[in-house]
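Analysis of the macromolecular model
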Amino acid sequence: MNDPHRLTTVVLIHGLWMTPRSWDHWKTYYEGQGLRVLTPAYPGFEIEVEALRQAPQVIADLTVPQTVDHLAQVIGELDEPPIIMGHSFGGTLAQLLLARGLGAAGVVIDSAPTEGVRVSPPSQLKSLLPALSNPATRKRAFGFTPEQFHYAFTNTLTEQESREVWDTYHVPAPGHWIWEYGLIANFKPGHQETWVDYSADRAPLLFIAGGSDHIMPAAVNRSNARRYRKSPALTEYVELEGRDHWTCAAPGWEAVADRALEWALRSSALAP
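Scope of this entry: the structure provided in the associated data block. (Residues numbered from 1 in each chain as written. Predicted model: local features only at pLDDT ≥ 70, side-chain atom pairs only at ≥ 80, totals over all residues. Heavy atoms only, no water.)

**Some details on the sheet that holds strand β8 (residues 235-240)**
Backbone-to-backbone hydrogen bonds join strands into a sheet, with any given pair of strands oriented parallel or antiparallel. In spatial order, the strands read β2-β1-β3-β4-β7-β8; together these 6 strands make up an open sheet with parallel pairing. The open sheet has two edge strands, β2 (36-38) and β8, and neither has a second partner. The mean angle between the axes of side-by-side strands here comes to 15 degrees, regardless of whether they run parallel or antiparallel. With 3 bridges connecting them, strand β1 (residues 9-13) and β2 associate as parallel partners. Across the sheet, residue Val10 finds its bridge partner in β2, namely Val37. (Pairing = 2+ DSSP bridges. Helix = DSSP H or I, 4+ residues; strand = E, 2+ residues; numbered from the N terminus. Axes fitted to C-alpha atoms, helices over the stretch in contact; angles between N-to-C directions.)

Structure, rendered in structure tokens:
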């Protein structure tokens, strides 16, 4: 059995339209509890938000396999299996890492789906429409306007509060990721880059969904969690009423961070 007191490392993986800066609150919060916290960037995203906004080609050229391999290398160099937490597309990446046998436990928050999750609620389609309405974005980095961001990410905040989040954190996302993994993957033959074996064993995994999330609604996370029903591994789902996609920093984020950590420590202690 794993000793929960030995699990001192947490790896926080950011999502699209974000950088590791989006985890600043959680990093400080967890470090204050004596944990070692890593917030690895996607390859090329190691620079500050302001500089990355000026380097859209770095974003446009990035691939999922490059990103997963990079994160796997970071985790593989640790002296203990960490707790892996991912937000949004970081949740997809966390699932791919767990499928590689990495991590002592995983928590995905407002996760983008892995391949095979076919649920697409109207609010998700509306959130992604600005990118999907222009095929040229498949080869570019795509950024939200402040108004689009407010609807997709921060719909429980005021317009002014949302603009402050956009100013501080927002960067463009790889357009082809939005197309390939948000629209096309389920219609291509064979397994794609976000496929996982849903029946395989792995570390325990918790899905945390926001009841007011527009871009990755609770229905998407619930469907993703259900895909693992044939796995012998522990998979649980919880829905937090009234929380939007910016749940990692919106007011009340501390309760989400506590719930994620407590579950991961408890569940990893139960794993063989």
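Let's pick the thread back up.
**Section: the packing of aromatic side chains**
Following the criterion strictly, the structure yields 17 aromatic pairs and no others. Consider the rings of Tyr198 and Tyr228, whose centres lie 5.0 Å apart with planes at 70 degrees: the pair is edge-to-face. Placement of the pair is Tyr198 in the loop between α9 (175-184) and β7 (205-210) and Tyr228 in the loop between α10 (218-226) and β8, with a sequence separation of 30 residues. On the basis of relative accessible area, Tyr198 is assigned to the buried category, the value being 8%. The exposure class assigned to Tyr228 is buried, which follows from its relative accessible area of 4%. Through pairs of rings, three or more aromatic residues link up here, namely Trp17, Phe142, Phe144, Phe149 and Phe153. Between Lys126 and the ring centre of Tyr151, over which it is positioned, the NZ or CZ distance is 4.4 Å. Directly above the ring of Tyr228 sits Arg202, whose terminal nitrogen or CZ lies 4.4 Å from the centroid. (Phe/Tyr/Trp six-rings, centres within 6.5 Å; stacked < 30°, edge-to-face > 60°. Buried < 20%, exposed > 50% of the residue type's maximum accessible area, 1.4 Å probe, protein only. Lys NZ or Arg CZ within 6 Å of the ring centre and 35° of its normal.)

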